[in-house]
Amino acid sequence: MNIKQTEEQYFMKTYKRADLIVKKAKNQFIWDTSGKKYLDFFSGISVCNLGHSHPAVIKAAKKQLNDFAHISNLYYAPSQIELGKELIKKGFGKRVFFSNSGAEANECAIKIARKRGLENGGRYEIISFKKSFHGRTLAALAATGQEKFHAPFKPMIEKFVFADFNDIESVKNLISDKTCAIMAEVIQGEGGIAAANAEFLKGLRQICDENNLLLIFDEIQCGMGRTGKFYAFQNFDIKPDIATLAKSLANGLPLAATIAQEKAEDIFHYGDHGSTFGGNPVSCAAALAVLKTMDAKFLNNVLKMSKYLREQLAQLAKKHNCIKEILGIGLMLGIALDKNGKDIVGACLKKGLIINCVQDTIIRLLPPLTITNKDADAAVKILDEVLNQ
Ligand SMILES: Cc1ncc(COP(=O)(O)O)c(C=O)c1O
């Protein structure tokens with residue numbers, strides 16, 4: 001039985017995998033089992049932001065694995081403690097909780113918001129946004145503003161209500177005496193590479209301050225340097241009360257963080273929350289290498305590459321009428337089409353370019369943050385060829 005048949009027989013049908021069996025990945029490239037080379041403009045959904053198999057990450061993880069892999073959170077693992085400190089030094093938050101996945105980081109944020117709200121006047125409602133995506137566990141799913149994900153699992157966990165993204169009036173209309181928090185992605189990823197505007201984010205901060213609500217930013221896809229700042233919200237002059245990170249935190253190893261400012265840092269007490277694997281020492285050692293690599297020079301290069309890639313995409317848009325708009329910030333970019341993008345993704349894969357499509361019509365580009373002009377040119381050339389077909 002080959003790999004595809006084995007998967008077909010033994011796996012739950014949760015994933016629709018593309019025709020690519022991976023043998024190896026290095027930097028911005030992936031090789032399949034036949035030896036064919038692909039340019040990766042997806043980074044495993046913004047997970048390998050430093051590129052695949054980054055040497056500093058491998059070295060740090062290997063060293064930690066040699067020392068010990070796991071001791072439980074009943075004891076101190078130096079790599080985990082060090083990572084907590086380094087994360088806070090990235091310019092946001094007072095305290096951190098480590099878990100394993102984006103959904104878990106958001107669950108933690110939701111629990112903090114609930115506990116604080118319940119202790120302050122029995123409040124438990126959270127305002128989230130239409131087209132948002134916050135994960136697949138039940139509370140993170142309930143926070144996700146897309147009916148198609150809710151339908152098979154109703155009733156949803158109470159109580160999330162959904163405002164229109166970038167529409168501050170629609171948020172105000174949902175505030176009640178039960179509201180405890182507002183939760184948003186700074187750039188909606190699965191929702192179609194929709195960036196929040198500065199006025200809207202400022203409005204959210206103001207509403208939260210006036211109503212004693214927590215502002216939670218899900219930075220799981222848009223954070224970790226993807227926009228040219230460590231956190232996407234650092235592009236705007238505002239801070240949330242809680243930020244969640246996952247995906248690229250350990251550049252390919254599972255790790256997530258919920259980071260809290262003053263209003264949210266001391267809500268949990270002993271026994272309120274926990275995780276067996278959360279803050280795994282190997283993942284934390286890898287993440288320390290990520291944070292060290294992601295310095296100001298690295299982030300500046302993201303902005304430089306973003307500018308270059310956007311310019312090339314703008315040229316592409318001039319040539320192809322089916323391109324309506326180039327979306328996003330930094331290297332979290334979307335090509336909005338006037339038609340379904342699924343076939344384009346498939347045709348690019350055949351030509352050796354890995355990209356993705358969200359909301360049917362938006363091509364999503366999430367390249368490693370280490371790409372060069374040459375990579376950008378190669379990707380745009382393939383897109384051009386495919387769009388010509
Ligand atoms: C913005 C956002 N939040 C949360 C998640 C869930 O993360 P995970 O799949 O690690 O649970 C994702 C995953 O795509 C995401 O993009």
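Attention here is on the structure that accompanies the text. Here the structure is a predicted model, which is why all the values come from computation and not from measurement.

1. Section: the environment of Lys 90
Stage number 1. Tracing the sequence through the fold places Lys 90 in the loop between α4 (78-88) and β4 (95-99).
Stage number 2. The spacing of Lys 90 and Leu 291 is 201 residues in sequence and 8.5 Å in space, taken between C-alpha atoms.

2. Observations concerning the packing of helix α12 (residues 296-319) against helix α14 (residues 373-388)
Stage number 1. Between α12 and α14, whose axes approach to 10 Å, the crossing angle comes to 20°. Comparing their axes, α14 and α12 come out roughly parallel. Judged by the twist between their axes, the crossing of α12 over α14 is right-handed. Between α12, through Met 305, Tyr 308, Leu 309, Gln 312, Leu 313, Leu 316 and Lys 319, and α14, the contact on the second element is made entirely by Asn 373, Ala 376, Asp 377, Val 380, Leu 383 and Asp 384.
Stage number 2. Classifying every residue of the contact of α12 with α14 gives eight nonpolar, two polar and three charged.

3. Focus on the sheet that holds strand β3 (residues 37-40)
Within a sheet, adjacent strands bond to each other through the backbone by hydrogen bonds, running parallel or antiparallel.
Stage number 1. Taken together, four strands build an open sheet; the order of strands is β1-β2-β3-β15 and the sheet is mixed. The open sheet has two edge strands, β1 (22-26) and β15 (353-354), and neither has a second partner.
Stage number 2. Relative to β3, strand β2 (residues 29-32) runs antiparallel, the two sharing three bridges. Bridge pairing links Phe 29 to Leu 39 in β3.

Procedures and definitions
- Residues numbered from 1 in each chain as written.
- Predicted model: local features only at pLDDT ≥ 70, side-chain atom pairs only at ≥ 80, totals over all residues.
- Helix = DSSP H or I, 4+ residues; strand = E, 2+ residues; numbered from the N terminus.
- Axes fitted to C-alpha atoms, helices over the stretch in contact; angles between N-to-C directions.
- Parallel < 35°, antiparallel > 145°, perpendicular 65-115°, else oblique.
- Left-handed = near helix turned anticlockwise from the far one by under 90°.
- Contact = placed C-beta atoms within 7 Å.
- Nonpolar A, V, L, I, M, F, W, Y, C, P; charged D, E, K, R; others polar.
- Pairing = 2+ DSSP bridges.

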